[in-house]
Amino acid sequence: MHGVDEEAQKLERLADLLTQLSASPYDVALHAQHISLAMSLPGMDSQVLEAREMVANYLAVGDEVWMPIIDDKVASLVMEEGARVAEVLELYERAERDYLSIPLLRKNVEFLINVHEHFNVAVDSPEELKEVFTSQWAREAIDAVVAKGAGHLSQSQQLWRLQRDWELDMLDRTPVEERPPLVDYVQNLILARLQQPHSEHEGTFQSYSSFTTKYKPASEYEALLVAASKLRSRAAKAYQRREAAELGLTSLNAYAQYISSERRAKKLDVFVLTGVYERALAEAAKRRFSGEVGAEEALRSFWIGYLDFSRTRGAEDSEMTTLLRRAMRSVPGSGETWARYIRHLEKNKSDLAEDESVEEAESIPDAYARALSTNLFTKLGKGSPDRDPEQIIPLVLARASAEKHGIEAGRANEDSFADLVKIVEDGLAMVRGASKAGDPRFRLEKFLSELYLNLAGMPDAAVQLWAATAKHYKSSWASWVAYTDVLIRTDHHDLARSTFQEVSAKNLDYPEALWDAWINFEYAHGSLVSLEEALARVERARTQVEARRIQEAQKAFEMAQVQHAKERETVSVPTSAAVPETGQVTVADGTGESMDVDEINSGALGKRKAGDDEPAEATDGKRQRLEKPPAPLKRDRENCTVFVADLPSGTGEEQLKTLFKDCGEIREVKITQLPQALVATVEFTARDSVPAALTKDKKRIDGEEVNVHLAWRSTLYVTNFPEKWDDTSVRDLFSQYGPLFDVRWPSKKLKMTRRFCYVQYISPESAERALELHGREVEPERTLNVYVSNPEHKKGRTDADANEREVYVAGLSKFTTKDDLLGLFSTHGPVKDIRLAEDKNGQLKGFAFVEFQNEADARAALSANNYELKKRRIAVTLADTRVRAKNRESFADTGLGRRAEARNRSVRIRNLPPDAQEGLLQQVLERFVAVKRVDVLSEAREAIVELESAAEAGKLTLRTEPIVFKGVDLDISEELPLGAAPPTKTGGAMFVPRTAVSRPRAGLGRPRKPGIGSAATVSSSGGNSFLSGDQTGKSQDDFRKMLG
């Protein structure tokens, strides 16, 4: 019964979807739901096919929709019916126009080969069809399909191999006397392929070698291969330069970076860039259809870039028309795309042939009407989603400007101006109805105002327009300034002055701009009396506004702190979790244990410890002389820093200091140019300056509004991700929610397995959207933890004592499981994490790390040392080497001490970028060698890197290729002993390996004390004191001569 009810609900939902699709046929999400719902119902195969055909009729779709449609058509195909074959070929043509798909192109090539085989080999095939589907037809059709995928550098070889094999098969079937033309054709085919960048150049070159061996004279073999090698060298190098980018195409952001890199190249490679754009479009469309956040915006961006690139490189009009129509079918809600299409039609209108069809010569009004018919630019009802004014405005401006150009060119009739005004007025209604924000830049209003003032000579109409605009955007300073400006231009000075007086005390978003406009007006058009009255009114209004802002900011700041604390408790604390007595809130980390993330300040409710008591005041002067001077206040970056986004290009430090000058003392201003935006951080010396600084939100610099917020509000604390994740993995995941400012990684000096980072966006809204990743399962039994990085809860996020809470367990059987270790060690206290070391094949290495909740429990677990587990005696020690016997450090000077041993496997890195992070530097180095520890010396811009072995250190110092870190080539050299100078070449020094200076003459461990009566002691420097008499050592050059 339950199954019947569920099926009935699905059928009802299907009917609702069809109703919605009738009103919004260009809504991708509705079509995706339609197909998914139809597939979930039994016996609905025909409905699934209809759903796929429906979306393919309205929108560009990928192979996930087209291939089932084509497969269904091919399954019912009768080869002898030539019309049915043509229908399948037409379906392939339509599908390939939408997006690039190597699987789809491959199926098309296979189908063409089968059609040719059927009509040219089968005896009973109709003669009239044999004349249609000839070998020449097949050759041209296959070549056209393969060419569509040639720009896919990594996968195009799949298509080319099919073509090559078919051509060679046809060549073998051809009589020997008829072969020469075909031999030349195939030879040119392979040579052309060698000149295209692709991933399998070696295989292509080998194909050419085999071809020449079989079909060319032996005497020409060497010359042909030498010539081919020269031909392919440039293309092979072109792919090698791009191989890293090709392998890294795992996200839409990676495609965007690849495109940006290609467009910045000194010599633009049209073939490669076109292929990357096509692949980016296909990937973005696939992700959009699956519902990925941000994929629609990425798809629009890729299309705009592709269209502009094609236009600027001088693409033919027919090619641009095809591209624009593909784009409108792909992103019908993109006003920017429609605007480009309308401008293209306007540009080519005079060049259209008289006999061109209506479809080919679509008129501008028809194109505009077709855009509006999608219902993607108008809000359908009160409950329907908002539309984006940024897509409406370019479309309306393109249509209106085309009409205006016709009027100016003398192609107008008596109704043309009225039509133009109606276009703009309807556009204004669409913009204002699309969302509450409308257009704060008033682009359509400005366009229409200029029409009234300059084209039609109707100043009163312009005044009425801006009066209505100011009334609609009543809190916008820009609307009132524009209104008063048109009043001044039309000599309505008294009305302008009364408007200034009325609006000056209103609660505008930026009243300073209005005040400036009023004072400038009085200087230019007023009297001394009116000027002084204006200055007095402005001063009174300024005092009221600043008092109100400070009060509102303080109140908002306090409410935000309270609300944020409540939200974090709601998100972080499971309903069944209890609050520990320590005041820490625990949250599940996806592995069954809990993690401290927030700490509640217990204040006076907690019991005071003895060490917390205030020292008694001294009764004499001695106490004061013994007391240490007070420590300087600790720098509180997180609570004293605001983040400033949406800065106009070219903003300088002085402009920011001017903006915040009345908020408090500024400690530091840092401006950062990101690929998408210019942002800055402003740090104050005191936390009390922040509320006043937040009042600068929505203020203007160079006429553009800036966004000001607390830096931590746009920062996320991310943890519990897989150990294999690196900076790129995190950026790819989180960048889909908004532009990233930075990703900060912790140093691994405290604990090599630290798995957390800080992800900072340029806006709090992006950070809030990314919170949906909290609890997402990123791999089996591991869920991601994502929190806003509130500095008030910072203590709960530290793992500085992690090593003291962790034990190292060695000697394990390869059959040991986590449950075995949990059963053994949980008897000593709560276990937080267990990590069994595995090799690349998933086999246990024989050791593990067990992390406890408390340090005392970890020390208690040492009693399990020598315990028998799975018939093996295990060894248990603390994981942190710092808590081991400190006297081992005294062995350092012997040459075999831990310090000397660590120095032998360490390197020094110079020329670091100023903002180098230890964690990020370690990630880069781990691509080449096994890293144990990284210490960055910020002031010197250097780092000391300790490797797993001296061999790894040698591998790093002997590298011939530079290692690039944040755009800088790293300078890597060996790490010398403390106080030692770099080695110099001298003729009298013996060849000494680099580690010999730290090795003892003999023995292990500590240096031997000299015996009774000994004549000399061993030099503490570890030098060549064993050389006797006048012996002198040899230099390294002498050592090489001796070997040679």
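What you see is a predicted model; the values in this text were computed from it and never measured. Along each chain, numbering runs from 1 in the same order as the chain's sequence is written. Residues qualify for local features only when their pLDDT is at least 70, as the model is predicted, and side-chain atom pairs are given and counted only at 80 or more; totals for whole chains, interfaces and linings, by contrast, use all residues. Calculated side-chain values reflect all of the structure's heavy atoms, with hydrogen atoms and water omitted.

**Digging into the overall build of the protein**
And then number 1: Numbering of helices and strands starts at the N terminus; helices are DSSP runs of H or I of at least 4 residues and strands are runs of E of at least 2. Check the secondary structure of the protein and you find 38 helices and 26 strands.
And then number 2: Three exposure classes are used, based on accessible area relative to the maximum for each residue type with a 1.4 Å probe and protein chains only: buried under 20%, partly exposed in between, and exposed over 50%. When the 1044 residues of the protein are sorted by exposure, 44% land in the buried category.
And then number 3: Contacts were defined at the residue level, with two residues in contact if any of their heavy atoms lie within 4.5 Å. Counting contacts in the protein only where the partners sit at least 6 residues apart, residues at least 24 apart contribute 64% of the total.
And then number 4: Accessibility throughout is a Shrake-Rupley quantity obtained with a 1.4 Å probe, and a residue counts as covered only by protein chains that appear here. Carbon and sulfur atoms make up 51% of the accessible area of the protein, which totals about 56500 Å².

**Some thoughts on unusual backbone geometry**
And then number 1: Positive phi, normally seen in glycine, also occurs at K870, with a value near 55°.
And then number 2: The phi dihedral of N911 falls on the positive side, at around 70°, and the residue is not glycine.
And then number 3: For N911, a relative accessible area of 38% puts it in the partly exposed group.

**Considerations on empty space enclosed by the protein**
Rolling a probe over the atoms, with the probe sized like a water molecule, indicates the empty space that remains.
And then number 1: A 1.4 Å probe that fits into a set of points on a 1 Å grid over the protein atoms alone but cannot get out defines a cavity; an open set with protein on both sides within 12 Å along at least five of seven lines defines a pocket, and lining residues are those with an atom within 4 Å of a point. Grid points are joined across faces, edges and corners, and a volume is the space filled by probe spheres set on the points. Considering all chains together, one arrives at three cavities of 30 Å³ or more under this definition.
And then number 2: Empty space within the largest cavity amounts to approximately 50 Å³.
And then number 3: Around the largest cavity, the lining residues are V28, V55, L59, A60, V61, G62, E64, A285, K286, R288 and F289.
And then number 4: A total of four residues in the lining of the largest cavity trace back to one element, the largest contributor, which is helix α14 (residues 270-289).

**Considerations on the pattern of salt bridges**
And then number 1: Basic side-chain nitrogens of Lys or Arg form a salt bridge, by our definition, when they fall within 4 Å of a carboxyl oxygen of Asp or Glu. Within the structure shown, the criterion is met by 57 salt bridges.
And then number 2: A salt bridge links E87 to K73; the shortest N-O distance between them is 3.8 Å. Of this pair, E87 sits in helix α5 (residues 82-98) while K73 sits in helix α4 (residues 63-75), and the two are 14 residues apart along the sequence.
And then number 3: Of the charged contacts, one joins E705 and R700 as a salt bridge, the two residues approaching to 3.5 Å between their closest N and O atoms.

**Some thoughts on the nonpolar core**
Most often, soluble globular proteins keep nonpolar side chains buried together rather than apart.
And then number 1: In these notes, a set of buried Ala, Val, Leu, Ile, Met, Phe, Trp, Tyr and Cys residues joined through side-chain atoms within 4.5 Å is what counts as a nonpolar core. Counting residues in each nonpolar core, the largest one holds 100 residues, and the members touching the most others are L299, F302, W303, L448 and Y483.
And then number 2: Sequence-distant contacts of Y483, defined by excluding residues within four places in its chain, comprise V463, W466, A467, A470, L495 and T499.
And then number 3: L733, L773, V907 and V924 belong to the second-largest nonpolar core, a separate cluster that totals 61 residues.

**Structural notes on the sheet that holds strand β23 (residues 942-947)**
The pairing of strands in a sheet comes from backbone hydrogen bonds and takes either a parallel or an antiparallel form.
And then number 1: In this scheme, strands are said to pair when DSSP sees at least two bridges between them. Pairing in this open sheet of four strands is antiparallel, and the strands run β22-β23-β21-β26 from one edge to the other. One side of each edge strand has no neighbouring strand; the edge strands of this open sheet are β22 (931-937) and β26 (971-974). Averaged over all pairs of adjacent strands, the angle between their axes in this sheet comes to 25°, without regard to strand direction.
And then number 2: As defined by bridge partners, strand β21 (residues 906-910) adjoins β23 across four bridges and the pair is classed as antiparallel. Bridging from a neighbouring strand, V907 pairs with V945 of β23. Under this scheme, a helix contributes an axis fitted over its contacting stretch, all axes are lines through C-alpha atoms, and angles between N-to-C directions fall in the 0 to 180 degree range.

**Let's talk about helix α33 (residues 818-825)**
Structurally, the α-helix is built with 3.6 residues per turn, so residues lying three or four positions apart point the same way.
And then number 1: Residues L821, L824 and F825 constitute the buried set of α33. Along the long axis of α33, the arc covered by the buried residues comes to 80°, so they all point the same way.
And then number 2: Looking at the packing, one finds that the buried side of α33 touches β15 (806-810), β16 (831-838), β17 (844-852), β18 (868-869) and β20 (875-878). Within this analysis, the arc is defined by the directions that extend from the helix axis to the C-beta atoms.

**Here we look at the packing of aromatic side chains**
And then number 1: Note on ring pairs: Phe, Tyr and Trp rings are taken, using the six-membered ring of Trp, and paired if centres are within 6.5 Å. Classes follow the plane angle, with under 30 degrees stacked, over 60 edge-to-face and the rest tilted. Summed over the entire model, instances satisfying the criterion amount to 25 aromatic pairs.
And then number 2: Note on W338 and Y341: the rings are 6.4 Å apart at their centroids and 70° apart in plane angle, and the pair reads as edge-to-face. Placement of the pair is W338 and Y341 together in helix α17 (residues 335-348), with a separation of three residues, close to one helical turn.
And then number 3: Its relative accessible area of 2% is what places W338 among the buried residues.
And then number 4: Look at Y341 and you get buried, because its relative accessible area is 0%.
And then number 5: Between F825 and F852 the ring centres are 6.3 Å apart and the planes differ by 75°, which places this aromatic pair in the edge-to-face class.

**Considerations on the packing of helix α2 (residues 28-40) against helix α3 (residues 45-58)**
And then number 1: Remark: α2 packs on α3, axes separated minimally by 8 Å, with the N-to-C direction vectors making an angle of 170°. As the angle between them shows, α2 and α3 are arranged roughly antiparallel. Crossing handedness for the pair α2 and α3: left-handed. Contacts between α2 and α3 pair H31, H34, I35, A38 and M39 from the former with Q47, V48, A51, R52, M54, V55 and Y58 from the latter.
And then number 2: Each residue gets one label: Ala, Val, Leu, Ile, Met, Phe, Trp, Tyr, Cys and Pro are nonpolar, Asp, Glu, Lys and Arg are charged, and the others, such as Gly, are polar. Here the residues of the contact of α2 with α3 sort into eight nonpolar, three polar and one charged. Roughly parallel covers angles under 35 degrees, roughly antiparallel covers those over 145, roughly perpendicular covers 65 to 115, and oblique covers all other angles. Handedness of a crossing follows from how the near helix is turned relative to the far one, being left-handed for an anticlockwise turn of less than a right angle and right-handed for a clockwise one.

**Regarding the side chain of E806**
And then number 1: Note on placement: E806 falls in strand β15.
And then number 2: A distance of 2.6 Å separates polar atoms of two side chains, one belonging to E806 and the other to R835. Nitrogen and oxygen atoms within 3.5 Å of one another constitute a polar contact, given that in protein one can donate a hydrogen and the other can accept it, and given that sequence-neighbouring residues count only through two side-chain atoms.

**Observations concerning the environment of L105**
And then number 1: The residue L105 is located in helix α6 (residues 102-121) in this model.
And then number 2: Through-space distance from the C-alpha of L105 to that of D63 is 9.8 Å; in sequence the pair is 42 residues apart.
And then number 3: Excluding residues that lie within four positions of it along the chain, L105 makes contacts with E96, L100, V145, K148, G149 and L159.

**A word on the pairing of strand β5 (residues 678-684)**
The side chains of a regular strand alternate, residue by residue, between the two faces of the sheet.
And then number 1: Judged by how many residues are buried, β5 sits mostly within the fold: seven of seven residues are covered.
And then number 2: Neither face of β5 is exposed, since L678, A680, V682 and F684 on one face and V679, T681 and E683 on the opposite face are all buried.
And then number 3: Where strand β3 (residues 641-647) and β5 come together, five bridges link them in antiparallel fashion. Within β5, the residue paired with V642 across the bridge is V682.
And then number 4: Sheet analysis places strand β4 (residues 666-673) next to β5, joined by seven bridges and oriented antiparallel. From the neighbouring strand, E668 faces β5, where its bridge partner is E683.

**Describing helix α25 (residues 511-525)**
And then number 1: Given a rise of 1.5 Å per residue, 15 residues ought to cover 21 Å, and the 21 Å separating the end C-alpha atoms of α25 matches this to within 8%.
And then number 2: Taken together, the buried positions of α25 are P511, E512, A513, L514, W515, W518, I519, F521 and E522. One fewer than the residue count of a helix, multiplied by 1.5 Å, yields its expected span.

**Section: the sheet that holds β3**
And then number 1: Strand order in the open sheet made by the four strands is β4-β5-β3-β8, with antiparallel pairing throughout. The two strands at the open ends of the sheet, each matched to only one other strand, are β4 and β8 (707-710). Going from strand to strand, the sheet's axes swing by 20° on average, the running direction of each strand aside.
And then number 2: Examined bridge by bridge, β3 and β8 share four bridges and lie antiparallel to one another. Looking across to β8, one finds that V644 is bridged to V708.

**Concerning the environment of W303**
And then number 1: With respect to the secondary-structure elements, W303 resides in helix α15 (residues 295-312).
And then number 2: On the basis of relative accessible area, W303 is assigned to the buried category, the value being 0%.
And then number 3: Counting along the chain gives 21 residues from W303 to L324, while the straight-line C-alpha distance between them is 9.0 Å.
And then number 4: Residues contacting W303, with those up to four places away along its chain left out, are L281, L323, R326, A327, S330 and V331.

**Digging into the pairing of β20**
And then number 1: Alternating residues of β20 divide into V876 and L878, all buried, and A875 and T877, none buried.
And then number 2: Taken together, the four bridges between β15 and β20 define a ladder with antiparallel strand orientation. From the neighbouring strand, V807 faces β20, where its bridge partner is L878.

**Let's talk about the confidence of the model for the protein**
And then number 1: Averaged over the protein, the pLDDT score is 80; the fraction of residues at 70 or greater is 80%.
And then number 2: A low-confidence stretch, residues 571-628 stays under pLDDT 50, and its non-local contacts, those more than four residues away or across chains, total 75 contacts.
And then number 3: Note on residues 983-1036: pLDDT is under 50 here. Beyond four places in sequence and across chains, it has 50 contacts. As a per-residue measure, pLDDT reflects the predictor's confidence and takes values from 0 up to 100.

**Describing the packing of α14 against α15**
Angle between the axes and distance between the axes: these two values describe a pair of packed helices.
And then number 1: One can describe the packing of α14 onto α15 by two numbers: an axis separation of 9 Å at closest approach and a directional angle of 155°. Regarding the angle of α14 to α15, the classification is roughly antiparallel. Note that α14 runs across α15; the crossing there is left-handed. Facing V270, L273, T274, Y277, E278, A280, L281, A284, A285, R287 and R288 of α14, the residues of α15 in contact are A295, E296, L299, F302, W303, G305, Y306 and F309.

**Remarks on the side chain of E512**
And then number 1: Topologically, E512 is positioned in helix α25.
And then number 2: Reaching out from E512, the side chain makes a polar contact with the side chain of R549 at a distance of 2.9 Å.
And then number 3: Among all residues touching E512, those that are not within four sequence positions of it are R542, R549 and K699.

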